[in-house]
Amino acid sequence: MDGAPVGLLAFGEGWHNNHHAFPTSAFHGLRWWQFDLSGLLIRGMEACGLIWNVERVNESLMEAKRAKDMASAVQPRKKVSPAAV
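Structural notes, computed from the coordinates.

Quick look at the overall build of the protein
So, step 1. Each helix and strand in the protein was counted, giving four helices and zero strands.
So, step 2. Starting at the N terminus and ending at the C terminus, the protein contains elements arranged as α-α-α-α.
So, step 3. The burial tally for the protein puts 21% of its 85 residues in the buried class.
So, step 4. Within the protein, contacts between residues at least 6 apart in sequence are counted, and of these 39% link residues at least 24 apart.
So, step 5. Entry remark: accessible area of the protein is about 6,700 Å², with carbon and sulfur atoms responsible for 65%.

Take a look at the structure:
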């Protein structure tokens, strides 16, 4: 479940669907307004030099994913016959 109230109350874990969309990303909150406490901790550790090579999702990748999701939402689903199951 994604959403602002859950995102705030769960310290960023409310944006968990972002993790499924971009599994290599270190952050659940991908937009500036998506509060992500674990993401802030990761950024702080990176700034201190404690961690490096932190994976991020760039804007073009998010746009490509959004376009792919929109295209698949428009296509009709294939019907499966009971005999094929």
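Observations regarding the pattern of salt bridges
So, step 1. Going through the model one piece at a time under the given rule, you end up with four salt bridges.
So, step 2. As a salt-bridge pair, E59 and R31 come within 3.2 Å of each other at their nearest N and O atoms. Separated by 28 residues along the polypeptide, E59 in helix α4 (residues 59-74) and R31 in the loop between α2 (16-21) and α3 (37-47) bring together distant segments of the chain.
So, step 3. Among the residues examined, E59 registers a relative accessible area of 40% and is labelled partly exposed.

Regarding the packing of aromatic side chains
So, step 1. Enumeration according to the criterion identifies zero aromatic pairs in this entry.
So, step 2. Just above the ring of F27 sits the side chain of R43; from NZ or CZ to the centre is 4.2 Å.

With respect to the environment of F27
So, step 1. Mapped onto the elements, F27 comes out in the loop between α2 and α3.
So, step 2. Considered as a pair, F27 and L37 are ten residues apart in the sequence and their alpha carbons are 9.4 Å apart.
So, step 3. Contact partners of F27, with chain neighbours within four places excluded, come to D36, G39, I42, R43, V54, E55 and R56.

Rules of the game
Residues numbered from 1 in each chain as written. Predicted model: local features only at pLDDT ≥ 70, side-chain atom pairs only at ≥ 80, totals over all residues. Heavy atoms only, no water. Helix = DSSP H or I, 4+ residues; strand = E, 2+ residues; numbered from the N terminus. Buried < 20%, exposed > 50% of the residue type's maximum accessible area, 1.4 Å probe, protein only. Contact = heavy atoms within 4.5 Å. Areas by Shrake-Rupley, 256 points an atom, 1.4 Å probe, with all protein chains shown as cover. Salt bridge = Lys/Arg side-chain N within 4 Å of Asp/Glu carboxyl O. Phe/Tyr/Trp six-rings, centres within 6.5 Å; stacked < 30°, edge-to-face > 60°. Lys NZ or Arg CZ within 6 Å of the ring centre and 35° of its normal.

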